[in-house]
Amino acid sequence: MDKEKLKEIGKICIPGMRLSPADDEHISGPGTYDLQGYIYATLAGILKTERDETRKATVITVVSPRTPSVLPRTGDIVTAKVTVVNSRMVQCVILCVGASVLVRPYRGVLKKEDIKSTDKDRIDPYKCFRPGDVILARVLPMTEIHWYHLSTAENELGVVIATAEGSPQGVGMVPISWSEMQCPKTLVKEPRKVARVIPENINQNLFNVGKDKEKKSKEPAEDKSN
Amino acid sequence: MPLDYRRFNGPEDSVSYKRFTKDYLKSYSELYNNLIDEKGRRKDGRALEEARSMCMFFARTDMVSQAKGSAYIELKKTKAVCSVFDPREIPHQNEFSQLGQLFCEVKFAPFSCPNQRRTHAPDADEKALSVALRQALEPTVCRHLFPNYQIDVFVYILENDGSCLAAAINAAGLALANAAVPMYDIITACSVAVIGEKMFVDPTEAEEHLAMMTPEKEGTNHGIITMSMLSELKQVSDFTQIGSMDTDCVTKAIEILEKECENIVPNIQKVLVLNVVQCIEQRKQLEEEAKEREQALNAKMEEWKQLLNSG
Amino acid sequence: MAGLLLSETEKVFILHGVQDDYRSDGRSNIDYRPMELETDVVSHASGSARLRLANTDILVGVKTEIDVPKPDKPDSGRIEFFVDCSANATPEFEGRGGEQLASSISNLMQRAYHSSQAFNLKQLCIFEGKQCWKLYIDILILECGGNLCDAVSLAVKAALFNTRIPFVKAALMDGGNVDLQLSDDPYDSKLLDVGSAPLLVTLCKIGENCVVDPSAEEESCSVISLIVGVTGNRQYYTQEEETDKKTMEGKCTTIAMHGPGSVAPKTLKEAINQGIIAAKSLDEALGQALLRERQENIGFKKHSYGFLK
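Every value quoted in this text rests on a predicted model; they were computed, and no experiment measured them.

The rules we used
- The residue numbering used here restarts from 1 in each chain and proceeds along that chain's sequence as written.
- Chains and ligands are labelled by the order in which they are written, letters from A for the one and numbers from 1 for the other.
- A pLDDT threshold of at least 70 governs which residues receive local features in this predicted model, and a stricter bar of 80 or more applies before side-chain atom pairs are shown or counted, although totals over entire chains, interfaces and linings include all residues.
- The secondary structure listing takes helices from DSSP runs of H or I that are at least 4 residues long and strands from runs of E that are at least 2 residues long, numbered from the N terminus.
- Here a residue counts as buried when 20 or more other C-beta atoms fall within 10 Å of its C-beta, as exposed when 12 or fewer do, and as partly exposed in between; the C-beta atoms come from the backbone.
- Residues are treated as contacting if the C-beta atoms built from their backbones sit within 7 Å of each other.
- Axis definition: a line fit to C-alpha positions, over the contact stretch in the case of helices; interaxial angles, taken between N-to-C directions, run 0 to 180 degrees.
- Note that the term roughly parallel is reserved for angles under 35 degrees, roughly antiparallel for angles over 145, roughly perpendicular for angles of 65 to 115, and oblique for everything else.
- Throughout, a crossing is termed right-handed when the near helix is turned clockwise from the far one, and left-handed when it is turned anticlockwise from it by less than a right angle.
- Under the convention adopted here, Pro, Cys and the residues Ala, Val, Leu, Ile, Met, Phe, Trp and Tyr are nonpolar, Asp, Glu, Lys and Arg are charged, and Gly plus all remaining residues are polar.
- Should DSSP find at least two bridges between two strands, the strands are regarded as paired.
- UniProt positions are given in the numbering used here, feature names are shortened, and annotations may be inferred rather than shown by experiment.
- In this description, a nonpolar core means buried residues of the types Ala, Val, Leu, Ile, Met, Phe, Trp, Tyr and Cys, linked to one another by C-beta atoms lying within 7 Å.
- What marks off one domain from the next here is an automatic or database domain assignment.
- To estimate how far a helix should reach, multiply one less than its number of residues by 1.5 Å.
- The arc under discussion is defined with respect to the helix axis, by the directions toward the C-beta atoms.

**Focus: the overall build of chain A**
In terms of helices and strands, chain A carries two helices and 16 strands. Expressed as a percentage of the 226 residues in chain A, the buried residues total 35%. When contacts within chain A are restricted to residue pairs at least 6 apart in sequence, long-range pairs at least 24 apart make up 52% of them.

**Describing unusual backbone geometry**
Phi at A:Asp119 takes a positive value of approximately 55°, unusual for a residue other than glycine. Within the secondary structure, A:Asp119 sits in the loop between strand E10 (100–111) and strand E11 (134–139). Judged by C-beta crowding, with 7 C-beta atoms within 10 Å, A:Asp119 ranks as exposed. For B:Asp202, which is not glycine, the phi dihedral falls at a positive 50°. Position of B:Asp202 among the secondary structure elements: in the loop between strand E8 (198–201) and helix H5 (205–212).

**Observations regarding the arrangement of the chains**
Of all two pairs of chains sharing an interface, the pair with the highest contact count is chains A and B. As for chain C relative to chain A, no contact occurs, and the smallest C-alpha gap between them is 15 Å.

**Observations concerning the packing of helix H4 (residues 164–178) of chain B against helix H6 (residues 247–310) of chain B**
Describing two packed helices takes the angle between their axes plus the distance from one axis to the other. Residues and elements named next belong to chain B. Contact pair H4 / H6: the axes reach a minimum separation of 11 Å and the direction vectors enclose 30°. Taken as axis vectors, H4 and H6 run roughly parallel relative to one another. When you trace H4 past H6, the crossing you get is right-handed. On H6, the residues touching Asn170, Gly173, Leu174, Ala177 and Asn178 of H4 are Ile264, Ile268, Val271, Leu272 and Asn275. Among the residues forming the contact of H4 with H6, the class breakdown is six nonpolar, four polar and no charged.

**A closer look at the interface of chain B and chain A**
Contact residues are listed per partner, giving 35 residues for chain B and 25 residues for chain A. Within the residue set of the side of chain B that touches chain A, elements represented by two or more residues are strand E4 (88–89), strand E6 (149–159) and H6 of chain B. Counting residues per element, the side of chain B that touches chain A draws most heavily on H6(B), which supplies nine residues. Grouping the amino acids of the side of chain B that touches chain A by side-chain chemistry returns 23 nonpolar, five polar and seven charged.

**Description of the sheet that holds strand E14 (residues 252–258) of chain C**
With respect to topology, eight strands assemble into an open sheet ordered E8(B)-E7(B)-E9(B)-E10(B)-E14(C)-E13(C)-E11(C)-E12(C), the strand pairing being antiparallel. Single-partner strands in this sheet number two, and they are E8 of chain B together with strand E12 (209–212) of chain C. Taken over all neighbouring pairs, the strand axes of this sheet differ in orientation by 20° on average, direction set aside. Relative to E12(C), strand E11 (residues 199–206) of chain C is paired through four bridges, and the arrangement is antiparallel. Considered in E12(C), the bridge of C:Cys204 is made with C:Val211. Against the sheet, helix H5 (residues 265–298) of chain C engages strand E10 (235–245) of chain B together with E11, E12, strand E13 (225–230) and E14 of chain C, with an angle of about 135° to E11(C).

**Looking at the sheet that holds strand E14 (residues 174–177) of chain A**
Residue and element names in this part refer to chain A. Judged by pairing direction, the sheet is antiparallel, and its three strands sit side by side in the order E14-E15-E16 without closing on themselves. Both edges of this open sheet fall to E14 and strand E16 (189–191), since each of them pairs with a single strand only. When strand polarity is set aside, the average angle formed by the axes of neighbouring strands in this sheet is 35°. Across three bridges, strand E15 (residues 180–182) lies against E16 in antiparallel orientation.

**Quick notes on the UniProt feature "domain: Exosome complex component N-terminal" (unreviewed entry) in chain A**
Here, the residues flagged by UniProt with the feature "domain: Exosome complex component N-terminal" (unreviewed entry) are residues 12–48 of chain A. Helix makes up 0% of residues 12–48 of chain A and strand 57%, and the two end C-alpha atoms of the span are 10 Å apart.

**Some remarks on the interface of chain B and chain C**
Much of the literature gives interface size as the accessible area that the parts lose upon coming together. On the chain C side, the residues contacting the 28 residues of chain B number 30 residues. Of all the secondary-structure elements, those providing two or more residues to the side of chain B that touches chain C are helix H3 (124–137), E10 and H6 of chain B.

**A look at the nonpolar core**
Residues B:Cys82, B:Leu133, B:Val155, B:Ala168, B:Ala171, B:Ala172 and C:Ala155 are the most contacted members of the largest nonpolar core, which totals 209 residues. Counting the residues that make up this core, at least three belong to each of domain 1 (3–63) and domain 2 (77–225) of chain A. Ignoring sequence-local partners within four residues, the contact set of B:Ala171 consists of B:Ala71, B:Tyr72, B:Ile73, B:Ala80, B:Cys82 and B:Val155.

**So, the UniProt feature "domain: Exoribonuclease phosphorolytic" (unreviewed entry) in chain B**
Feature annotation in UniProt places "domain: Exoribonuclease phosphorolytic" (unreviewed entry) on residues 58–182 of chain B, given in this structure's numbering. Note that residues 58–182 of chain B is 23% helix and 31% strand, and that its end C-alpha atoms are spaced 24 Å apart.

**A few points about the environment of A:Gly16**
Locating A:Gly16 in the fold gives a position in the loop between strand E1 (12–13) and strand E2 (18–21). Residue class for A:Gly16 comes out buried when judged on the 22 C-beta atoms lying within 10 Å of it. As a C-alpha pair, A:Gly16 and A:Tyr40 span 24 residues in sequence and 5.6 Å in three-dimensional space. Ignoring anything within four residues of it in the chain, the contact list for A:Gly16 reads A:Tyr40, A:Ala41, B:Tyr184, B:Asp185, B:Ile186, B:Leu230, B:Ser231 and B:Glu232.

**So, the UniProt feature "domain: Exosome complex component CSL4 C-terminal" (unreviewed entry) in chain A**
Following the UniProt record, one finds the feature "domain: Exosome complex component CSL4 C-terminal" (unreviewed entry) at residues 105–140 of chain A. With 0% helix and 36% strand, residues 105–140 of chain A has its two end C-alpha atoms placed 17 Å apart.

**Section: helix H1 (residues 8–19) of chain C**
Residues and elements named next belong to chain C. Taking 1.5 Å per residue as the helical rise, H1 with its twelve residues ought to reach 16 Å, and the 16 Å between its terminal C-alpha atoms agrees with that figure. Taken as a whole, H1 has its buried residues at Ile14, Gly17 and Val18. The arc that holds the buried residues of H1, viewed along the axis, is 100°, so those residues lie on one side. Set apart from the buried face of H1 by more than 90 degrees, the exposed residues are Glu8, Thr9 and His16.

**Structural notes on helix H2 (residues 99–112) of chain C**
Over its 14 residues, H2(C) extends 20 Å from the first C-alpha to the last, a length consistent with the 20 Å expected when each residue adds 1.5 Å. Listing the buried residues of H2(C) in full gives C:Ala102, C:Ile105, C:Ser106, C:Leu108, C:Met109, C:Arg111 and C:Ala112. Among the structural elements, E10 of chain B together with strand E4 (78–85), helix H3 (148–162), E11, E13 and E14 of chain C are those in contact with the buried residues of H2(C).

**Quick word on the UniProt feature "coiled-coil region" (unreviewed entry) in chain B**
Per the UniProt entry, the sites bearing "coiled-coil region" (unreviewed entry) are residues 276–307 of chain B in this numbering. Secondary structure over residues 276–307 of chain B splits into 100% helix and 0% strand, and the C-alpha atoms at its two ends are 47 Å apart.

Right, here's the structure in full:
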């Protein structure tokens, strides 16, 4: 390997590599762990150091060129596809966590009272979701073994992509209010718990990650909804 | 092939033709003399304490396209493939567990062993290897990151010429790192066969076979030890011994194995670094291609716009 | 063990106790809890033993059958271990729950008995290349209270010590078949040489030290344990004083690790040494107990306890 190329790539880490001392100045970020006063890498990838102004410290992270084998964690924003709707809850499969696409789909459940933050006792799941909708949701603490509990009780969370009943495949509805969407072809209006997003800038409100990355994570979700 | 539970699986009654050859019932001393020449060199020209990894260590990642991560390791005639898959639900689990689980399976190819043909159903040997592999890998994987889920690690041994557990652990360690499963450390393993006073590092099948046989002289040490280590943390994650040996012998073997495990680390590191570089280059190339496509598309758009405006 | 919750301070208390070689129940780090052992408890088995160590209850029965020796070892007998973890012991074993544990214990025993320095299979030979004795060692776990490996190995050794194999009066070659003639008298039988049979010692790593025979509380403080199989000493199992034969040192026949943690190489070496010391005293105690029981048996003084105790 020529050195030029390596320089361009940056510092390559492999698991177990000691990266720096762990003190007030250095905090271990994703892809690292600290043990007995030092920060070590857990992934094979590239070392990144970022200055965290609020904590006045350098965050040390390792970015893997592949999507790490991660699972949704409490507090993460996930992209999911609705599979079952009944009067008590909505079931869905989780497709993406943040910016990374999952290889295996994981099961998520959205309870009736977690759909909206207001008027909790008068929520009707049928008027918020339909099977096939792609939604954004936040992961709640795990209480069941194989189900991730989700919540859409935020303005930015809810249905992102949906097709009206009877509309041709691939024609997505356009939100017309916070609780309604309309099909541009058939002009059918359907009730939904709409996420407050402008499709182009969908992610900038939610994550401060680069736009390109986000787009990538969205594409597979769209593919599946078609 | 799954085990057929519906029928009674009788024992295989075919035998290897090698049973009728002269080699089969060689005496202990004959076998011993076959292994080592007068100069103290082994049959394949290695010195006693020389591992195959030193002269020939071939490993690569990304063998299996369907798996999240995979690795292939070759120690002369011992060949193993390992693939690692993304976390999945633990079947039949009904208890909440804070730590994720590893599911390991070691399988021999039917034609991998010199004497008997391996059956499809997992035998006691394979089960024991699977348990040892899991024991070795558990301390190195950050299991708290996938509670209630399990990561599958499958090792297939294509050809067995001794030290297959060590090869399986090395391959699995590489495949896990390749799959970007968070790990505390790199894991390496090595084995040693003890025959009397001599220690054969990284033994071949013939050496292992002899080490498992009991010497004629009462009280002689014999047996096989396999040890796996976390390189940076200097911890032993698995230690399996079989045979009969005294403590001095075990202590000596631990020291040899410790050194040998360290010797393998640079090889593994090299493979991993190469892997990272390759991945990044691939991605860069893809990005460039995407950029080109976008530019071409934009140019087309401009063309059409002009056409529309003019027409 | 399930349902056992220890606070941090309780764990620290146990850890400090282990550091000072004085555990919470007054034992030192290489002491076992008291056990009860009785041999010859099952009338239909060739040999049997029942062992109770704290809350662990093991019943071992040895059945002898005739089989063909393995082609690569024509002059040796065969021995096989079967462990049955019934749901009687703990509800966790219900269905196929105990299968994995059972196979790991039987595998460990098989490995420990592999070397002929541990157990000489040649004593089971009847007719070289044609017929041999096969010992089926069935291990029943009646109650599961931790430290299974140690208890199983002790019970197996006691059962083997108790095993009687009928004398073969004559073995005739009749065409290609072997014709065996056994004695009609059931007491006309031979005992096995089991003095060197291995014992398994489980060493639980707590803090920087290792303890044998951990209690449930101690087990919950530990993430890794080491199982060492150590050969026994023939001297403890015969009445004849053999002064000329030098005392055989305990040899490791199998070593395995169990648990999600890892150990430093130095601790590993220390633990192995500690295991050998513990095994030696255990072996001596077992030998004494077995000899005493045999004496009582000969004098018809033995009082059978059976299962109701």
